Protein chains: 2
Amino acid sequence: MNHNQEQDAKQRILLAARKCFAAYGFDRTSVRQICEEAGVNVALVSYHFGGKENLFYALFEAYFPKKEEAERMKVEDPVGAVKLLIEEITRMRIHYPELISLLQQEIALMSPRIPIIRQHAFPIWERLREVLQAGKDQKQFDFESLDQAMLFVLGSLFIHKQWPYFEPIMSDPQPNFEASVSYATFFILRGLGCSDS
Amino acid sequence: MNHNQEQDAKQRILLAARKCFAAYGFDRTSVRQICEEAGVNVALVSYHFGGKENLFYALFEAYFPKKEEAERMKVEDPVGAVKLLIEEITRMRIHYPELISLLQQEIALMSPRIPIIRQHAFPIWERLREVLQAGKDQKQFDFESLDQAMLFVLGSLFIHKQWPYFEPIMSDPQPNFEASVSYATFFILRGLGCSDS
DNA sequence: GTCTATACTACGATAGAC
DNA sequence: GTCTATCGTAGTATAGAC
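Residues numbered from 1 in each chain as written. Chains lettered and ligands numbered in written order. Predicted model: local features only at pLDDT ≥ 70, side-chain atom pairs only at ≥ 80, totals over all residues. Heavy atoms only, no water.

All names here are of chain A. Helix length check: helix α8 (residues 114-137) (24 residues) gives 32 Å between terminal C-alpha atoms against 34 Å at 1.5 Å per residue, within 8%. The sharpest bend along α8 comes to roughly 45°, located at Ala121, with the proline Pro123 sitting one to four residues further on. Count one or two residues on from α8 and you reach Lys139, which has phi positive near 60°. (Helix = DSSP H or I, 4+ residues; strand = E, 2+ residues; numbered from the N terminus. Expected span 1.5 Å × (residues − 1). Bend = angle between axes of the 7 residues up to and from the residue.)

Written out as structure tokens, the structure reads:
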């Protein structure tokens, strides 16, 4: 069934779309551009996915972490769970940057596609909320508002995706995975009022 | 010269552009849309600004804080300077949300307009770096990497613009100016290892 | 300074041949 | 399953009348 080293057109479109949407955003990316990148004909997007918008959703369906991933954050160990989240988001940002780029672009635009994106991401943010609340109850974290604590954690993590924008004023090169995790853990746990490291 | 309560077409275009670009992003906004909102003819964007792109730049020229604003952050009082930055960014986010929306969208997309946007924003971020470094030298702040400390501060502030995205899982309504400043100051100063409040 | 009319390009989608 | 050809729409910019 594998046509030599060629994947089928559907898969090639999916990969090209991930690349193009992340690099240029949904609006700046044309179906023609995706198909050129994939080396297939323009008509195949309509045929396989039913249009540009559905191709976008198929991307999240295929590559976004599933709800079960979130359940690896154990409520019984809030500090460990927060560390796990920091590692997982950092890993995703470094090794699979496209989906996070896409997510941030869509949120910044509050695009019409947000409701479906929420369905994929909210299980993870909900789990983070449970973990933070548990940490507060167990006196490992100290904060007043759960909403604010969640924003603070995610804000500290998401901003790293914007390194290229800040690059001209940065003094050091972008840190690797281990250093990123270590820096983020430092600021976030201290911000949450947690003395452990 | 003031045609009754009518401003001149150029000013009306500028206001309409600020509104539309922020709401829909640069790409999703058409010149026709801006001109309809402004109540002027489509051709006037080309005439007054020389095209859609230059209209965008004129927006930053007109509304973005000038370099002198940054100099209100006094290096001699790092904690006060960080508090001032938190207040100013929060004020801008609440009272003039359009430019921050626009800035975040452009950064998320790493649009071709980033180099000119940098010229407006970098003086402020540079000043923040000086302030953080001074605070570290004076042992009021404690961190290892200046780059990371700056990202952490700005990430904690910028994420608040994305409240509408998170809204369905939030337990409280979006806080007002004073509460926002107070929450942000709490997390940021603690994250910087500063015990003052 | 403002408007009408239009030129030109690009987009997304689809019908129909292969 | 894939391609060619084309339709309808919308985009930016400009020439020229007022």
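This part covers the relation of the copies chain A and chain B. The operation relating chain A to chain B is a screw motion whose rotation component is 180°, with 0.0 Å of axial translation and a residual RMSD of 0.1 Å. Put plainly, the chains are arranged around a two-fold axis. Nearest to the rotation axis, the C-alpha of Gly191 of chain A is located 2.0 Å from it, this being the minimum over chain A. Residue by residue, 100% of the interface of chain A is reproduced at the interface of chain B, so both copies engage with the same surface. (Least-squares fit on C-alpha atoms with pLDDT ≥ 70 in both. Contact = heavy atoms within 4.5 Å.)

Not every one of the 14 residues close to DNA strand C is listed here, only the nearest: Val31, Arg32 and Lys52 of chain A together with Asn41 and His48 of chain B. In DNA strand C, atoms within 4 Å of the protein come from the sugar-phosphate backbone in 55% of cases. Contact between DNA strand C and Tyr47 of chain B: a phosphate oxygen at 3.0 Å from a side-chain N or O atom of the residue. Secondary-structure elements contributing two or more residues to the surface near DNA strand C are α2 (31-38) and α3 (43-49) of chain A together with α3 (43-49) of chain B. Broken down by element, the residue count for the surface near DNA strand C peaks at 4 residues, all from α3 of chain B. Residue composition of the surface near DNA strand C, grouped by class: 6 nonpolar, 6 polar and 2 charged. (Near = heavy atom within 4 Å. Polar contact = N/O pair within 3.5 Å; in protein donor to acceptor, adjacent residues only side chain to side chain. Nonpolar A, V, L, I, M, F, W, Y, C, P; charged D, E, K, R; others polar.)

Right, let's get into the interface of chain A and chain B. Taken together, the contacts link 55 residues of chain A with 55 residues of chain B. For the pair chain A and chain B, the summed buried surface comes to about 5100 Å²; carbon and sulfur atoms form 66% of the total. Together, Tyr165, Ile169 and Phe187 of chain A form the three largest contributors to the area buried by chain A at its contact with chain B, with a combined 16%. Counting every contact that joins chain A to chain B gives 4 salt bridges. Counting the contacts that link chain A with chain B gives 26 residue pairs in polar contact (both at pLDDT 80 or more). Residue assignment for the side of chain A that touches chain B shows that the elements contributing at least two residues are α1 (9-28), α7 (97-109), α8, α9 (146-158), α10 (163-166) and α11 (177-191) of chain A. (Buried area = accessible area lost by both parts, 1.4 Å probe. Salt bridge = Lys/Arg side-chain N within 4 Å of Asp/Glu carboxyl O.)

Following the UniProt record, one finds the feature "DNA-binding region" (unreviewed entry) at residues 30-49 of chain A. Structurally, residues 30-49 of chain A is divided into 75% helix and 0% strand, and its ends, taken at the C-alpha atoms, are 15 Å apart. (UniProt positions renumbered as here; feature names shortened; annotations may be inferred.)

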